[in-house]
Amino acid sequence: MPIYRDTPYVFTPDPENDNGPRIQALLKAGYRWLQINGTECPIGTTVLLNRDDNWPYSGQIIEPAPGIDKVTIDCSGVGRHPDQPSNPSYAAIDYQGNVRPASYLTAIAHVNTTQIFVGDSSQYTNGDWIVISDASTDFPNMPLPLDGPMEVRQVIFVLAGSLIINRVIKREHPLGAIVAKCTPIQNVYIRNLEFTGNATVGLHMHYAQQCVLENITSVDWRGRCMLLLDNGGENNLILDSYCTGTEAGVGPEQNAWGVVVEGQDSTKIVNSGGERCGNGAAMTYSIDTVFLNTRARLNTVNAAVTFASIRSGFLRPEIDSPLALDTYISDDSVDCYIVNPQPFS
(Lines give C-alpha, C1' and ligand atoms only; values in the text may rest on other atoms or scores of the structure.)
Protein backbone atom coordinates (compact mmCIF):
# COMPACT_ATOMS: atom_id res chain seq x y z
CA MET A 1 0.00 0.00 0.00
CA PRO A 2 1.45 3.43 -0.87
CA ILE A 3 2.14 5.73 2.07
CA TYR A 4 -0.33 8.32 0.73
CA ARG A 5 -3.68 7.52 -0.84
CA ASP A 6 -5.17 9.79 -3.51
CA THR A 7 -7.25 11.63 -0.92
CA PRO A 8 -6.77 12.21 2.82
CA TYR A 9 -8.81 10.45 5.46
CA VAL A 10 -11.21 13.08 6.78
CA PHE A 11 -11.94 12.43 10.44
CA THR A 12 -14.88 14.13 12.18
CA PRO A 13 -14.06 14.40 15.89
CA ASP A 14 -16.47 14.14 18.79
CA PRO A 15 -16.28 17.59 20.45
CA GLU A 16 -17.45 16.22 23.82
CA ASN A 17 -15.36 13.05 24.24
CA ASP A 18 -11.86 11.59 23.96
CA ASN A 19 -10.79 11.29 20.31
CA GLY A 20 -7.38 9.78 21.09
CA PRO A 21 -8.30 6.10 20.59
CA ARG A 22 -10.05 6.81 17.27
CA ILE A 23 -7.08 8.78 15.91
CA GLN A 24 -4.71 6.06 17.08
CA ALA A 25 -6.80 3.43 15.29
CA LEU A 26 -6.70 5.44 12.05
CA LEU A 27 -2.91 5.74 12.21
CA LYS A 28 -2.62 2.03 12.94
CA ALA A 29 -4.85 1.30 9.93
CA GLY A 30 -2.29 2.99 7.70
CA TYR A 31 -3.77 6.43 7.08
CA ARG A 32 -0.75 8.71 6.68
CA TRP A 33 -2.73 11.81 5.67
CA LEU A 34 -5.26 12.68 8.33
CA GLN A 35 -7.50 15.74 8.21
CA ILE A 36 -9.59 16.73 11.22
CA ASN A 37 -13.03 17.96 10.18
CA GLY A 38 -14.00 19.95 13.24
CA THR A 39 -12.77 22.85 15.32
CA GLU A 40 -12.85 20.95 18.66
CA CYS A 41 -10.99 17.66 19.08
CA PRO A 42 -10.41 16.71 22.75
CA ILE A 43 -7.66 14.14 23.31
CA GLY A 44 -7.69 12.32 26.64
CA THR A 45 -5.61 9.32 25.59
CA THR A 46 -2.13 9.97 24.21
CA VAL A 47 -1.86 9.59 20.43
CA LEU A 48 1.36 7.64 19.87
CA LEU A 49 3.06 8.19 16.53
CA ASN A 50 4.14 4.55 16.36
CA ARG A 51 2.81 1.04 15.89
CA ASP A 52 2.45 -1.48 18.72
CA ASP A 53 5.98 -2.70 17.95
CA ASN A 54 7.22 0.91 18.39
CA TRP A 55 7.99 1.41 14.70
CA PRO A 56 7.30 5.10 13.90
CA TYR A 57 4.65 6.50 11.59
CA SER A 58 7.16 8.38 9.45
CA GLY A 59 5.61 10.52 6.75
CA GLN A 60 2.51 11.22 8.85
CA ILE A 61 0.49 14.36 8.05
CA ILE A 62 -2.00 15.72 10.60
CA GLU A 63 -3.88 18.91 9.74
CA PRO A 64 -7.34 20.50 9.73
CA ALA A 65 -9.75 19.68 6.94
CA PRO A 66 -10.24 22.33 4.22
CA GLY A 67 -12.21 25.31 5.47
CA ILE A 68 -11.05 24.90 9.09
CA ASP A 69 -8.30 27.30 10.09
CA LYS A 70 -7.35 25.63 13.35
CA VAL A 71 -8.29 22.61 15.47
CA THR A 72 -8.40 23.11 19.24
CA ILE A 73 -7.18 20.11 21.23
CA ASP A 74 -8.10 20.02 24.90
CA CYS A 75 -5.67 17.53 26.43
CA SER A 76 -6.79 17.92 30.06
CA GLY A 77 -7.86 14.28 29.93
CA VAL A 78 -4.23 13.27 29.39
CA GLY A 79 -3.25 15.33 32.40
CA ARG A 80 0.01 14.77 34.24
CA HIS A 81 1.71 11.89 36.02
CA PRO A 82 0.41 12.00 39.60
CA ASP A 83 3.90 11.68 41.12
CA GLN A 84 5.98 13.20 38.31
CA PRO A 85 4.04 16.17 36.90
CA SER A 86 6.94 17.03 34.55
CA ASN A 87 6.97 13.56 32.89
CA PRO A 88 6.79 14.44 29.15
CA SER A 89 5.23 11.12 28.14
CA TYR A 90 1.95 12.63 29.37
CA ALA A 91 1.44 14.36 26.03
CA ALA A 92 -1.50 14.70 23.65
CA ILE A 93 0.69 13.61 20.70
CA ASP A 94 3.90 11.72 21.42
CA TYR A 95 6.81 9.76 19.95
CA GLN A 96 9.38 8.27 22.33
CA GLY A 97 12.06 7.00 19.95
CA ASN A 98 12.03 3.19 20.35
CA VAL A 99 15.28 3.23 22.33
CA ARG A 100 16.92 -0.13 23.13
CA PRO A 101 20.08 -1.11 25.04
CA ALA A 102 23.17 -2.14 23.08
CA SER A 103 26.70 -1.26 24.26
CA TYR A 104 29.03 1.58 25.31
CA LEU A 105 32.16 3.48 24.23
CA THR A 106 35.50 1.85 24.99
CA ALA A 107 37.39 4.97 23.85
CA ILE A 108 36.64 8.69 23.70
CA ALA A 109 34.69 9.59 20.57
CA HIS A 110 36.55 12.61 19.20
CA VAL A 111 35.16 15.50 17.15
CA ASN A 112 35.36 15.12 13.34
CA THR A 113 35.77 11.32 13.46
CA THR A 114 33.47 8.74 11.89
CA GLN A 115 34.67 5.65 13.76
CA ILE A 116 33.60 4.92 17.33
CA PHE A 117 34.80 2.02 19.50
CA VAL A 118 32.26 -0.03 21.45
CA GLY A 119 32.33 -2.87 23.93
CA ASP A 120 30.24 -5.27 21.84
CA SER A 121 29.88 -4.46 18.16
CA SER A 122 27.81 -7.64 17.60
CA GLN A 123 24.85 -5.73 19.05
CA TYR A 124 24.65 -3.62 15.86
CA THR A 125 24.00 -4.21 12.19
CA ASN A 126 24.54 -1.98 9.15
CA GLY A 127 21.77 0.60 8.98
CA ASP A 128 21.06 0.76 12.72
CA TRP A 129 20.47 4.17 14.24
CA ILE A 130 22.38 4.82 17.45
CA VAL A 131 22.36 7.44 20.19
CA ILE A 132 25.54 8.27 22.10
CA SER A 133 24.54 9.64 25.51
CA ASP A 134 27.14 11.47 27.62
CA ALA A 135 24.93 11.48 30.72
CA SER A 136 24.72 7.68 30.86
CA THR A 137 28.14 6.12 31.55
CA ASP A 138 27.25 3.16 33.78
CA PHE A 139 26.64 0.30 31.38
CA PRO A 140 25.00 -2.18 31.98
CA ASN A 141 23.40 -0.71 35.11
CA MET A 142 22.06 2.24 33.07
CA PRO A 143 22.02 1.11 29.42
CA LEU A 144 19.59 3.77 28.13
CA PRO A 145 20.12 7.49 27.42
CA LEU A 146 19.61 10.12 30.08
CA ASP A 147 18.83 13.80 29.58
CA GLY A 148 22.03 15.53 28.59
CA PRO A 149 24.41 15.97 25.64
CA MET A 150 24.00 13.29 22.98
CA GLU A 151 24.26 12.64 19.26
CA VAL A 152 22.36 10.37 16.88
CA ARG A 153 24.09 8.64 13.97
CA GLN A 154 23.47 5.77 11.57
CA VAL A 155 25.78 2.78 11.42
CA ILE A 156 27.06 2.22 7.90
CA PHE A 157 29.56 -0.57 8.68
CA VAL A 158 30.20 -2.83 11.65
CA LEU A 159 33.79 -3.85 12.45
CA ALA A 160 35.23 -5.98 15.25
CA GLY A 161 35.02 -3.64 18.22
CA SER A 162 34.01 -0.50 16.35
CA LEU A 163 31.35 1.15 14.18
CA ILE A 164 31.66 3.37 11.11
CA ILE A 165 28.95 6.03 11.21
CA ASN A 166 27.33 8.20 8.58
CA ARG A 167 28.43 11.66 9.81
CA VAL A 168 31.29 13.05 11.83
CA ILE A 169 31.03 13.45 15.57
CA LYS A 170 30.30 17.09 16.51
CA ARG A 171 30.90 16.91 20.26
CA GLU A 172 33.40 14.80 22.18
CA HIS A 173 31.85 11.85 24.03
CA PRO A 174 33.51 10.32 27.09
CA LEU A 175 34.79 6.83 27.69
CA GLY A 176 31.90 4.68 28.89
CA ALA A 177 29.12 6.71 27.28
CA ILE A 178 26.34 4.34 26.30
CA VAL A 179 25.66 3.69 22.63
CA ALA A 180 22.01 2.64 22.53
CA LYS A 181 19.90 1.91 19.48
CA CYS A 182 16.95 4.10 18.49
CA THR A 183 14.48 4.56 15.64
CA PRO A 184 14.05 8.14 14.40
CA ILE A 185 10.68 9.33 13.16
CA GLN A 186 11.09 11.15 9.85
CA ASN A 187 9.24 13.57 7.56
CA VAL A 188 6.22 14.21 9.79
CA TYR A 189 4.15 17.32 9.04
CA ILE A 190 1.74 18.60 11.69
CA ARG A 191 0.08 21.99 11.34
CA ASN A 192 -2.63 24.33 12.63
CA LEU A 193 -3.28 22.73 16.02
CA GLU A 194 -4.17 24.78 19.09
CA PHE A 195 -3.63 23.18 22.50
CA THR A 196 -5.63 24.03 25.60
CA GLY A 197 -6.07 22.58 29.07
CA ASN A 198 -3.48 20.87 31.24
CA ALA A 199 -1.13 18.07 30.24
CA THR A 200 2.62 17.86 30.62
CA VAL A 201 3.12 18.48 26.89
CA GLY A 202 0.87 19.22 23.94
CA LEU A 203 3.10 17.93 21.11
CA HIS A 204 6.21 15.93 22.06
CA MET A 205 8.62 14.09 19.77
CA HIS A 206 11.95 12.38 20.48
CA TYR A 207 14.39 11.46 17.68
CA ALA A 208 12.59 13.46 15.00
CA GLN A 209 14.31 14.06 11.65
CA GLN A 210 13.24 16.36 8.79
CA CYS A 211 9.91 17.04 10.48
CA VAL A 212 7.88 20.25 10.11
CA LEU A 213 5.66 21.57 12.89
CA GLU A 214 3.78 24.64 11.70
CA ASN A 215 1.38 27.04 13.42
CA ILE A 216 1.19 25.11 16.68
CA THR A 217 -0.37 27.47 19.23
CA SER A 218 -2.27 27.50 22.52
CA VAL A 219 -5.15 29.17 24.36
CA ASP A 220 -5.77 28.99 28.12
CA TRP A 221 -2.77 26.64 28.30
CA ARG A 222 -2.02 25.32 31.80
CA GLY A 223 0.36 22.52 30.84
CA ARG A 224 4.09 22.37 31.46
CA CYS A 225 5.25 22.68 27.84
CA MET A 226 3.20 23.29 24.71
CA LEU A 227 5.69 22.15 22.05
CA LEU A 228 8.80 20.08 22.78
CA LEU A 229 11.16 18.60 20.22
CA ASP A 230 13.09 16.36 22.56
CA ASN A 231 16.42 14.54 22.52
CA GLY A 232 18.08 13.23 19.39
CA GLY A 233 16.42 15.35 16.70
CA GLU A 234 18.03 16.53 13.46
CA ASN A 235 17.17 19.00 10.70
CA ASN A 236 13.67 19.82 11.91
CA LEU A 237 11.67 22.99 11.34
CA ILE A 238 9.29 24.69 13.78
CA LEU A 239 7.44 27.50 12.04
CA ASP A 240 5.01 30.19 13.26
CA SER A 241 4.33 28.47 16.58
CA TYR A 242 3.51 30.38 19.76
CA CYS A 243 2.56 29.40 23.30
CA THR A 244 0.36 31.58 25.49
CA GLY A 245 0.63 30.29 29.03
CA THR A 246 -1.31 31.20 32.17
CA GLU A 247 1.26 30.96 35.00
CA ALA A 248 4.91 31.64 34.26
CA GLY A 249 7.43 29.75 36.36
CA VAL A 250 9.67 26.71 36.64
CA GLY A 251 7.61 24.79 39.19
CA PRO A 252 6.26 21.36 38.25
CA GLU A 253 2.69 22.63 37.97
CA GLN A 254 3.49 25.90 36.18
CA ASN A 255 3.94 26.80 32.50
CA ALA A 256 7.65 26.06 32.47
CA TRP A 257 8.30 26.03 28.71
CA GLY A 258 6.60 27.48 25.64
CA VAL A 259 8.41 26.38 22.45
CA VAL A 260 11.51 24.41 23.43
CA VAL A 261 14.02 22.08 21.76
CA GLU A 262 16.39 19.65 23.48
CA GLY A 263 19.33 17.77 22.04
CA GLN A 264 18.74 19.02 18.48
CA ASP A 265 21.25 19.11 15.63
CA SER A 266 20.77 21.64 12.81
CA THR A 267 17.13 22.37 13.69
CA LYS A 268 15.54 25.75 12.88
CA ILE A 269 12.80 27.48 14.87
CA VAL A 270 11.32 30.41 12.90
CA ASN A 271 8.83 33.11 13.99
CA SER A 272 8.05 31.18 17.15
CA GLY A 273 8.13 31.64 20.91
CA GLY A 274 5.78 32.28 23.79
CA GLU A 275 4.60 34.31 26.75
CA ARG A 276 3.73 33.75 30.40
CA CYS A 277 6.07 30.76 30.67
CA GLY A 278 9.24 29.98 32.58
CA ASN A 279 11.10 30.00 29.26
CA GLY A 280 9.23 31.37 26.27
CA ALA A 281 11.77 30.04 23.74
CA ALA A 282 14.69 27.85 24.76
CA MET A 283 17.15 25.18 23.72
CA THR A 284 19.25 22.75 25.72
CA TYR A 285 22.34 20.72 24.69
CA SER A 286 21.75 21.46 21.02
CA ILE A 287 24.24 21.77 18.15
CA ASP A 288 24.08 24.12 15.14
CA THR A 289 20.49 24.99 16.02
CA VAL A 290 18.99 28.45 15.57
CA PHE A 291 15.90 30.38 16.64
CA LEU A 292 15.18 33.01 13.95
CA ASN A 293 12.86 35.98 14.61
CA THR A 294 11.75 34.61 17.96
CA ARG A 295 8.90 36.42 19.70
CA ALA A 296 8.87 36.16 23.49
CA ARG A 297 7.65 38.35 26.33
CA LEU A 298 6.38 38.18 29.91
CA ASN A 299 8.38 35.01 30.59
CA THR A 300 10.70 34.36 33.52
CA VAL A 301 13.41 34.15 30.83
CA ASN A 302 12.38 35.11 27.32
CA ALA A 303 15.14 33.42 25.27
CA ALA A 304 17.64 30.91 26.65
CA VAL A 305 20.53 28.76 25.38
CA THR A 306 21.55 26.25 28.04
CA PHE A 307 23.26 23.02 29.07
CA ALA A 308 26.29 22.61 26.85
CA SER A 309 24.81 23.77 23.56
CA ILE A 310 27.30 24.30 20.71
CA ARG A 311 27.23 26.93 17.91
CA SER A 312 23.58 27.65 18.57
CA GLY A 313 21.49 30.66 19.46
CA PHE A 314 19.02 33.38 18.52
CA LEU A 315 19.03 35.74 15.53
CA ARG A 316 16.91 38.91 15.78
CA PRO A 317 14.71 37.82 18.69
CA GLU A 318 11.82 40.13 19.55
CA ILE A 319 11.81 40.16 23.35
CA ASP A 320 10.26 42.34 26.02
CA SER A 321 9.08 42.56 29.64
CA PRO A 322 10.92 39.60 31.19
CA LEU A 323 10.00 38.57 34.72
CA ALA A 324 13.69 37.87 35.41
CA LEU A 325 15.92 37.91 32.30
CA ASP A 326 15.44 38.81 28.65
CA THR A 327 18.18 36.45 27.43
CA TYR A 328 20.49 33.85 28.93
CA ILE A 329 23.39 31.70 27.72
CA SER A 330 24.75 29.14 30.18
CA ASP A 331 28.48 29.13 30.94
CA ASP A 332 28.91 25.57 29.66
CA SER A 333 27.58 26.44 26.19
CA VAL A 334 30.24 26.96 23.50
CA ASP A 335 30.23 29.49 20.63
CA CYS A 336 26.58 30.33 21.28
CA TYR A 337 24.98 33.69 20.57
CA ILE A 338 22.03 36.05 20.84
CA VAL A 339 22.36 38.51 17.95
CA ASN A 340 20.55 41.82 17.36
CA PRO A 341 17.63 41.57 19.81
CA GLN A 342 14.62 43.70 18.89
CA PRO A 343 11.67 45.15 20.85
CA PHE A 344 8.57 42.97 20.84
CA SER A 345 6.00 44.02 18.25
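Scroll up a little and you will see the structure.
Residues numbered from 1 in each chain as written. Predicted model: local features only at pLDDT ≥ 70, side-chain atom pairs only at ≥ 80, totals over all residues. Heavy atoms only, no water.

A.B. asks: What am I meant to see in helix H1 (residues 20-28) here?
C.D. replies: One full turn of an α-helix is made of 3.6 residues, so residues set three or four places apart face in the same direction. Listing the buried residues of H1 in full gives Gly20, Ile23, Gln24, Leu26 and Leu27. One face of H1 carries all of its buried residues, which in axial projection span an arc of 160 degrees. Following H1 by one or two positions, Gly30 has its phi on the positive side, about 105 degrees. (Buried < 20%, exposed > 50% of the residue type's maximum accessible area, 1.4 Å probe, protein only. Helix = DSSP H or I, 4+ residues; strand = E, 2+ residues; numbered from the N terminus. Arc of directions from axis to C-beta.)

A.B. asks: Mind showing me how you'd approach the packing of aromatic side chains here?
C.D. replies: By convention here, two paired aromatic rings are described through the distance between centres and the angle between planes. All told, the structure shown has four aromatic pairs when counted by the stated rule. Seen from the ring of Tyr242, Arg295 lies directly overhead, with NZ or CZ sitting 5.7 Å from the centre. (Phe/Tyr/Trp six-rings, centres within 6.5 Å; stacked < 30°, edge-to-face > 60°. Lys NZ or Arg CZ within 6 Å of the ring centre and 35° of its normal.)

A.B. asks: How should I be thinking about the nonpolar core in this particular structure?
C.D. replies: Nonpolar side chains in soluble globular proteins tend to end up buried together. Leu49, Ile190, Phe195, Leu203, Met205, Leu213 and Ile216 are the most contacted members of the largest nonpolar core, which totals 51 residues. Not counting the four nearest positions on each side in its chain, Ile190 is found in contact with Leu49, Ile62, Leu203, Val212, Leu213, Glu214 and Ile216. (Core = buried A, V, L, I, M, F, W, Y, C linked by side-chain atoms within 4.5 Å. Contact = heavy atoms within 4.5 Å.)

A.B. asks: I would appreciate a short explanation of the pairing of strand S17 (residues 212-221) in the present structure.
C.D. replies: Consecutive residues of a regular strand have side chains that alternate between opposite faces of the sheet. The sheet contact formed by strand S14 (residues 189-197) and S17 spans seven bridges and is parallel. Along S17, the bridge assignment pairs Phe195 with Ser218. Across three bridges, S17 lies against strand S20 (residues 237-239) in parallel orientation. Bridging from a neighbouring strand, Glu214 pairs with Leu239 of S20. (Pairing = 2+ DSSP bridges.)

A.B. asks: Got a minute to help me understand empty space enclosed by the protein in this structure?
C.D. replies: Picture a little ball the size of a water molecule; that probe, rolled over the atoms, points out where space is still empty. In this structure the tally under the stated criterion is two cavities of 30 Å³ or more. Volume-wise, the largest cavity comes out at about 60 Å³. Of all the secondary structure elements, the ones that give two or more residues to the lining of the largest cavity are strand S10 (150-159), strand S19 (233-234) and strand S23 (264-265). It is S10 that contributes the most residues to the lining of the largest cavity, four residues altogether. Residues belonging to the lining of the largest cavity are distributed by class as follows: four nonpolar, five polar and four charged. Approximately 50 Å³ is the volume found for the second largest cavity. Lining the second largest cavity are Ile23, Leu34, Ile36, Ile43, Val47, Ile62, Ile73, Ile93 and Leu193. Class assignment for the residues of the lining of the second largest cavity results in nine nonpolar, no polar and no charged. (1 Å grid on protein atoms, 1.4 Å probe; cavity = no way out; pocket = protein on both sides within 12 Å on 5 of 7 lines; lining within 4 Å. Points joined across faces, edges and corners; volume = space filled by probe spheres on them. Nonpolar A, V, L, I, M, F, W, Y, C, P; charged D, E, K, R; others polar.)

A.B. asks: Can you walk me through the sheet that holds strand S32 (residues 325-329) in this structure?
C.D. replies: Strand pairing in a sheet is mediated by backbone hydrogen bonds. Such pairs are either parallel or antiparallel. Read across the open sheet, the eight strands follow the order S3-S6-S15-S18-S22-S26-S29-S32; overall the sheet is parallel. In this open sheet, the two strands that pair with only one neighbour each are strand S3 (47-48) and S32. With five bridges joining them, strand S26 (residues 279-284) and strand S29 (residues 301-306) adopt parallel strand pairing. What sits directly across from Thr284, in S29, is Thr306.

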